[in-house]
Amino acid sequence: MYVGSFGDDHRYRLVWLRGVGWEPLSEEEFEPRIRQLFPDIDLDDPEQVHWADRPQEWPAWHPGAA
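The paragraphs below set out a description of the structure included in this document. (Residues numbered from 1 in each chain as written. Predicted model: local features only at pLDDT ≥ 70, side-chain atom pairs only at ≥ 80, totals over all residues. Heavy atoms only, no water.)

### Quick look at the overall build of the chain
Applied cut-off: A run of DSSP states H or I qualifies as a helix once it reaches four residues; a run of E qualifies as a strand once it reaches two. Both are numbered from the N-terminal end. Only protein chains enter the accessibility calculation, which uses a 1.4 Å probe. A residue is then buried if its area is under 20% of the maximum for its type, exposed if over 50%, and partly exposed in between. For this analysis, residues touch if any pair of their heavy atoms sits within 4.5 Å. The Shrake-Rupley method, run with a 1.4 Å probe sphere, supplies the accessible areas, and residue values consider only the shown protein chains as cover.
Summing up its helical and strand segments, the chain has one helix and four strands in all. Counting only residues that meet the buried cut, the chain has 32% of its 66 residues in that class. Contacts spanning at least 24 positions in sequence make up 41% of the contacts within the chain whose residues lie at least 6 apart. Accessible area for the chain stands at about 4500 Å²; split by element, carbon and sulfur atoms hold 50% of it.

### So, the packing of aromatic side chains
This is how it is decided: A pair of Phe, Tyr and Trp rings is counted when the ring centres sit within 6.5 Å of each other, with Trp represented by its six-membered ring. The angle between the planes then sorts it: under 30 degrees is stacked, over 60 is edge-to-face, the rest tilted. Only when the NZ atom of a Lys or the CZ atom of an Arg is both within 6 Å of the ring centre and within 35 degrees of the ring normal do we say a charge sits over the ring.
This model, assessed by the stated rule, comprises four aromatic pairs. For the pair Trp-51 and Trp-58, a centre-to-centre distance of 6.0 Å together with 80 degrees between the ring planes defines the contact as edge-to-face. Taken together, the ring pairs connect Phe-30, Trp-51 and Trp-58 into an aromatic cluster. The lysine or arginine in question, Arg-13, covers the ring of Trp-58, its NZ or CZ lying 6.0 Å from the ring centre.

### Observations concerning the environment of Asp-42
What counts is decided by this rule: Whenever two N or O atoms come within 3.5 Å, that pair is a polar contact, provided that in protein one can donate a hydrogen and the other can accept it, and provided that, for residues adjacent in sequence, both atoms are side-chain atoms.
Mapped onto the fold, Asp-42 is located in the loop between α1 (27-37) and β4 (50-51). On the basis of relative accessible area, Asp-42 is assigned to the partly exposed category, the value being 38%. A polar contact of 3.0 Å, which involves the side chain of Asp-42, links it to the backbone nitrogen of Asp-44.

### Some remarks on the pattern of salt bridges
We count it as follows: Basic side-chain nitrogens of Lys or Arg form a salt bridge, by our definition, when they fall within 4 Å of a carboxyl oxygen of Asp or Glu.
Going through the model one piece at a time under the given rule, you end up with three salt bridges. Of the charged contacts in the structure, one is a salt bridge between Arg-35 and Glu-31, with a shortest N-O distance of 3.3 Å. Of this pair, Arg-35 and Glu-31 both sit in helix α1, separated by four residues, roughly a single helical turn. Among the residues examined, Arg-35 registers a relative accessible area of 29% and is labelled partly exposed. For Glu-31, a relative accessible area of 40% puts it in the partly exposed group.

### Brief notes about a nonpolar patch on the surface
What counts here: Think of a patch as exposed residues, more than 30% relative accessible area, with no salt bridge, where like charges cluster within 9 Å and nonpolar side chains (Val, Leu, Ile, Met, Phe, Trp, Tyr) cluster within 5 Å.
On the surface, Tyr-2, Leu-14, Trp-16 and Trp-22 cluster together to form a nonpolar patch covering roughly 410 Å² of accessible area. Within the secondary structure, Leu-14 is located in strand β2 (residues 12-17).

Below is the structure:
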């Protein structure tokens, strides 16, 4: 799995899921979606989850923000 670059203009990061493709996921959606597809994944293992930058961080986003 590959977690795309950090952006500050929205609440999502694009995540490439093997066998599925790219999905935009928010911080709240990330782990439930990953566990749905890969129940035994170790989210702390860099061999299984590669972060483009800022591992485990998500953009600050507030409702109504552009």
